[in-house]
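The chain contents come next:
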Amino acid sequence: LNDIATRLRYLGLKSPTITITVFATVVTHLFQGDLSDLTHDQELVLEALKRSRNDLENATDDELIKYINTLSEIQIDGVINNVKGIYHELLFVAAENNDGDIFSAALFEATNHPGADVIITNELTGEVQEVQLKATKYLSYIEKHNERFAEFEVFATEEVAGNGISSAGFSNE
């Protein structure tokens, strides 16, 4: 699970960075009512948006456009923060599943699964590990999680990885 940047390049993703520009571009497309010509990263943002709420799971492009256009600026900031975390999970799973090693990764069906976001399976032994992903620059978020769910390993963005916290291979930039 160590070289996710290489995995992302293999997948054709440009950068192992979780960038606000990708989100801003998608939100702009949603406000303009045009979801054509999105990049792979932007499509993942839409997938993350759909996972962010149960009632958006099967939403059409028009329903996503309508949803975003009903939100206030403060609400949009909250949606972007939530979607960024889910986007991180989607990138991580895609990278792990396309690296050619013996591990596979899957998201839990529910986005609010207690304590963990991803299931990593050793395909040779069947061993399963549940892990939490954190896309943040604040160590306090991870410490708060660990107080409640110490049994789950945390993979975090590079800004806070280290000292017992594994890197997910992405920057929160």
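Source: prediction; values computed, not measured.

Moving on, we come to the overall build of the protein. Helix and strand counts for the protein come out as six helices and five strands. Each helix and strand of the protein, placed in order from N terminus to C terminus, yields the pattern α-α-α-α-α-β-β-β-α-β-β. Counting over 173 residues, the protein shows a buried share of 45%. For the protein, contacts bridging at least 24 residues in sequence account for 45% of all contacts bridging at least 6. Accessible surface, the protein: about 9,500 Å² in total, of which carbon and sulfur atoms supply 48%.

Evaluated as defined, the whole model comprises one cavity of 30 Å³ or more. One number sums up the size of the largest cavity: a volume of about 70 Å³. Only helix 2 (20–32), helix 3 (40–51) and helix 5 (73–97) provide two or more residues apiece to the lining of the largest cavity. For the lining of the largest cavity, the residue count by class is 10 nonpolar, no polar and no charged.

Take the pattern of salt bridges next. Per the counting criterion, the structure on display carries one salt bridge. Across the pair Asp55 and Arg53 runs a salt bridge, and its minimum N-O distance is 2.7 Å.

A regular strand places its side chains so that they alternate between the two faces of the sheet. Note: strand 2 (residues 118–122) against strand 3 (residues 128–134), four bridges, orientation antiparallel. Within strand 3, the residue paired with Ile119 across the bridge is Glu130. Note that the unit made of strand 3, helix 6 (residues 139–148) and strand 4 (residues 153–156) has a crossover that is right-handed.

What follows is about the packing of helix 3 against helix 4 (residues 61–69). Two elements in contact, helix 3 and helix 4, have axes whose closest approach is 12 Å; the angle formed by their N-to-C orientations is 70°. As the angle between them shows, helix 3 and helix 4 are arranged roughly perpendicular. Touching Leu46, Leu49 and Lys50 of helix 3 are Leu64, Tyr67 and Ile68, all from helix 4. For the contact of helix 3 with helix 4, the residue count by class is five nonpolar, no polar and one charged.

For helix 3, which comprises 12 residues, the first-to-last C-alpha distance of 17 Å matches the rise-based estimate of 16 Å (1.5 Å per residue) to within 8%. Every buried residue of helix 3 is accounted for by Asp41, Gln42, Leu44, Val45, Leu46, Ala48, Leu49 and Arg51.

In this section: the layout of surface pockets. Empty space among the atoms becomes apparent when a probe as large as a water molecule is rolled across them. In this structure, the largest pocket occupies an estimated 720 Å³ of space. Lining the largest pocket are 27 residues, with Asn82, Gly85, Gln132, Leu133 and Lys134 sitting closest to its centre. Partitioned by chemical class, the residues of the lining of the largest pocket number seven nonpolar, 13 polar and seven charged. Each pocket or cavity is described by its volume, and for the second largest pocket that value is around 230 Å³. Around the second largest pocket, the lining residues are Lys50, Arg51, Ser52, Arg53, Asn54, Glu57, Glu109, Ala110, Thr111 and Asn112.

So, how was this worked out
- Residues numbered from 1 in each chain as written.
- Predicted model: local features only at pLDDT ≥ 70, side-chain atom pairs only at ≥ 80, totals over all residues.
- Heavy atoms only, no water.
- Helix = DSSP H or I, 4+ residues; strand = E, 2+ residues; numbered from the N terminus.
- Buried < 20%, exposed > 50% of the residue type's maximum accessible area, 1.4 Å probe, protein only.
- Contact = heavy atoms within 4.5 Å.
- Areas by Shrake-Rupley, 256 points an atom, 1.4 Å probe, with all protein chains shown as cover.
- 1 Å grid on protein atoms, 1.4 Å probe; cavity = no way out; pocket = protein on both sides within 12 Å on 5 of 7 lines; lining within 4 Å.
- Points joined across faces, edges and corners; volume = space filled by probe spheres on them.
- Nonpolar A, V, L, I, M, F, W, Y, C, P; charged D, E, K, R; others polar.
- Salt bridge = Lys/Arg side-chain N within 4 Å of Asp/Glu carboxyl O.
- Pairing = 2+ DSSP bridges.
- Right-handed = clockwise from strand over helix to strand, strands pointing away.
- Axes fitted to C-alpha atoms, helices over the stretch in contact; angles between N-to-C directions.
- Parallel < 35°, antiparallel > 145°, perpendicular 65-115°, else oblique.
- Expected span 1.5 Å × (residues − 1).

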